[in-house]
Amino acid sequence: MNELKNKAIEILNANWRDGFSIPCEKLYPFQWNWDSGFIAIGFAHFDMPKAEEEISTLLDAQWGNGFIPHIVFHTETDTYFPGPDYFCSELHTDASKKYKTSGITQPPVLGFVLAEILRISTDKKATLKFIEGVIDKVYDNHNYFYTKRDPQNEGLVYIYHNWESGTDNSPMWDDIIHNMDSPDYEFERRDTTHVDASQRPSKREYDHYLHILEIAKEHNYSDEKIAELSPFLVQDPLFNSMLTKSNESLIELYTLIGGNANKIKQLETWQEKAIKSFNNKLFDEELGAYIHYDLRNERKIKHISSSSFTPLFANIPSKERAEKLVQTLMSRFGNENQYLCASFDPESELYKPKKYWRGPVWINLNWILYNGLVQYGFKDISKRVKDDTVELIAKNGFYEYFDARKEVSKGGYGGINFSWTASLLLDLLNKK
Ligand code: 9WN
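A. Focus on the packing of helix H2 (residues 33-43) against helix H3 (residues 48-60). In contact at an axis separation of 8 Å, H2 and H3 are set at 165° when each is read in the N-to-C sense. One way to sum up the angle between H2 and H3 is to call them roughly antiparallel. Viewed along their axes, H2 and H3 form a crossing whose handedness is left-handed. Contacts between H2 and H3 involve Asn33, Ser36, Ile39, Ala40 and Phe43 on the former and, on the latter, Met48, Lys50, Ala51, Glu54, Ile55 and Leu58. Here the residues of the contact of H2 with H3 sort into seven nonpolar, two polar and two charged.

Next up, the structure:
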């Protein structure tokens, strides 16, 4: 175990740049939003100043309206597409003046990341002081989501791009994406020069990804126009679980800090509405799981993925519903020959065990699932998630994603020495 822990620390230190971390060498050369949050949790175990700096640097790129971009382009390099010249964040009047950024966001993890680093900290007073200095920015981000991304005032926010979900080419998006009449763009992909193309999205999928961005750019990233025109408008249970969990953490932290009654009240109002709508709208009795909702076409997306179980982490289901959810998890994903937890339903014909978010296991989703299961008292299954995670990494290395099939001997795919794989393994190993 110590060897694994040391390797994880070595990876995090090697991926550290001046003030932030890259997700991994070559493939992802900038700072990514939710990666940074997960990375800060790892650093908190052995280098708290870096954990704090990671978070501060990301928040430093926040836009005037509270939006936090999914990529901050700190350095000049053309090894990633689409880069700063493609995104042109300056089109939006509130965009960061200090950094070039993307114009889409990612799951809002920062609220619960602050609570996690406080839990890990051995100097609670100093960490709370740091949190006091940044917490309002995270609150402003939540305010952005609830005021700009919830057109029907449901307490559920939408994402307007599959890259915002973090689960980029999940089969969840297939119907929406394949119904889009996207041009055949000319562009130079960089990801497939670093990683086997069979493990990444296709050229046609990239056309669709760019098409959604073209529409947003045409309207200077206006939230109102995007809500009106984007072909992709989805209420995602993973994204909304991260926001809901972060609401819960912000309430906890503001209470510890004291003197923020109005903000606590507002967070509680958002939270109450979110949990209610989540359970009324996003739970599908027939599937026995939380689902994605296609807000543009007003229809449920009837598939199950690892995202379907993330509401456990945000304390959304009742005890009874949690039982049902876990039964679905184990009957579909929990086969003895499979590691938990495949990113997409292994029983579906759309399942692809080697392809990115269409099947492989991702360590951040396992970490979310593990913590959710612990919260609800599912001891044996949470232990299995932890053991499977450790085994996958010990057997294959610190990859970006992993084959869920146990019979596969070399099952590590995508980027190598991946930061959140290292960071979250470190956290899991340090947990009782
Ligand atoms: C697009 C950085 C990011 C993760 C995402 C993961 C992948 C990017 C890409 O890498 O997405 O944002 O180019 O494929 O899907 O979750 O944050 O690690």
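Past the structure itself, the notes keep going.
B. Region of the structure containing H3. Its 13 residues give H3 an end-to-end C-alpha distance of 18 Å, which sits within 8% of 18 Å, the value for a rise of 1.5 Å per residue. Residues Met48, Lys50, Ala51, Glu52, Glu54, Ile55, Thr57, Leu58 and Leu59 constitute the buried set of H3. Against helix H1 (2-14), strand E1 (31-32), H2, strand E2 (71-73), helix H5 (110-120) and helix H6 (124-148) lie the buried residues of H3.

C. Representation of the nonpolar core within the structure. Ranked by size, the top nonpolar core spans 150 residues in total, and within it Phe38, Ile55, Tyr160 and Trp367 carry the most contacts. It is H6 that contributes the most residues to this core, nine residues altogether. Beyond its immediate stretch of four places on either side in the chain, Tyr160 contacts Gly103, Ile104, Arg149, Ile212, Ala216, Tyr221, Ile226, Ser230, Phe232 and Leu233.

D. Local environment of the sheet that holds E1. Spatially, three strands are ordered E1-E2-E3 in an open sheet, and the strand pairing comes out antiparallel. Each end of this open sheet is capped by a strand with a single partner; those strands are E1 and strand E3 (100-101). With two bridges connecting them, E2 and E3 associate as antiparallel partners. Note on E3: the bridge partner recorded for Val72 is Thr101.

E. Seen up close, the packing of aromatic side chains. Taken as a whole, this structure holds 45 aromatic pairs when the rule is applied. Ring geometry for Phe112 versus Trp367: centroids 6.1 Å apart, planes at 25°, classification stacked. Separated by 255 residues along the polypeptide, Phe112 in helix H5 and Trp367 in helix H15 (residues 363-375) bring together distant segments of the chain. A relative accessible area of 1% places Phe112 in the buried class. A relative accessible area of 0% places Trp367 in the buried class. Ring centres 5.6 Å apart and planes at 75° place the aromatic pair Trp163 and Tyr206 in the edge-to-face group. On the criterion of sequence distance, the pair formed by Trp163 in helix H7 (residues 162-165) and Tyr206 in helix H10 (residues 203-218) is long-range, its members being 43 residues apart.

F. How the structure looks around the sheet that holds strand E8 (residues 299-301). Ordered by their spatial adjacency, three strands build an open sheet running E4-E7-E8, and the pairing between neighbours is antiparallel. At either margin of the open sheet sits one strand with a lone partner, and together these are strand E4 (234-235) and E8. Across three bridges, strand E7 (residues 292-294) lies against E8 in antiparallel orientation. Bridge pairing in E8 places Asp294 opposite Arg299.

G. Local environment of the site of the ligand. In the vicinity of the ligand lie 16 residues, with Asp35, Tyr80, Gly166, Asp168 and Tyr356 positioned nearest. A breakdown of the residues in the shell around the ligand according to their chemical character gives 10 nonpolar, three polar and three charged.

H. View of the pattern of salt bridges. All told, the structure shown has 34 salt bridges when counted by the stated rule. The partner of Glu10 in a salt bridge is Lys7, with the nearest N and O atoms 3.5 Å apart. Within this pair, Glu10 and its partner Lys7 are both found in helix H1, separated by three residues, close to a single helical turn. By relative accessible area, Glu10 is classed as partly exposed at 48%. What makes Lys7 partly exposed here is its relative accessible area of 31%. Two residues, Glu285 and Arg321, come together in a salt bridge whose shortest N-O distance is 3.4 Å. On the criterion of sequence distance, the pair formed by Glu285 in the loop between strand E5 (283-284) and strand E6 (289-290) and Arg321 in helix H14 (residues 319-333) is long-range, its members being 36 residues apart. Here Glu285 falls in the partly exposed class, since its relative accessible area comes to 47%. Here the residues in one salt-bridge network are Glu116, Arg119, Asp427 and Lys431, joined through shared partners.

I. Representation of unusual backbone geometry within the structure. Cis geometry is adopted by the peptide bond preceding Pro82, which originates at Phe81 and carries an omega value of 0°. Position of Pro82 among the secondary structure elements: in the loop between E2 and helix H4 (84-87). We note that Tyr221 has phi near 55°; this positive angle belongs to a residue other than glycine. Relative to the helices and strands, Tyr221 is located in the loop between H10 and helix H11 (223-229). Of the residues examined, Tyr221 reaches a relative accessible area of 3% and is grouped as buried.

J. Spatial organisation of H5. Across the 11 residues that make up H5, a large majority, 10, are buried. By the burial criterion, the buried members of H5 are Leu110, Gly111, Phe112, Val113, Leu114, Ala115, Glu116, Ile117, Leu118 and Ile120. The secondary structure elements touched by the buried residues of H5 are H2, H3, H6, helix H12 (237-257), H15 and helix H17 (419-429).

What counts and what doesn't
- Residues numbered from 1 in each chain as written.
- Predicted model: local features only at pLDDT ≥ 70, side-chain atom pairs only at ≥ 80, totals over all residues.
- Heavy atoms only, no water.
- Axes fitted to C-alpha atoms, helices over the stretch in contact; angles between N-to-C directions.
- Helix = DSSP H or I, 4+ residues; strand = E, 2+ residues; numbered from the N terminus.
- Parallel < 35°, antiparallel > 145°, perpendicular 65-115°, else oblique.
- Left-handed = near helix turned anticlockwise from the far one by under 90°.
- Contact = heavy atoms within 4.5 Å.
- Nonpolar A, V, L, I, M, F, W, Y, C, P; charged D, E, K, R; others polar.
- Expected span 1.5 Å × (residues − 1).
- Buried < 20%, exposed > 50% of the residue type's maximum accessible area, 1.4 Å probe, protein only.
- Core = buried A, V, L, I, M, F, W, Y, C linked by side-chain atoms within 4.5 Å.
- Pairing = 2+ DSSP bridges.
- Phe/Tyr/Trp six-rings, centres within 6.5 Å; stacked < 30°, edge-to-face > 60°.
- Near = heavy atom within 4 Å.
- Salt bridge = Lys/Arg side-chain N within 4 Å of Asp/Glu carboxyl O.

Any functional reading would require information that these geometric values do not contain.
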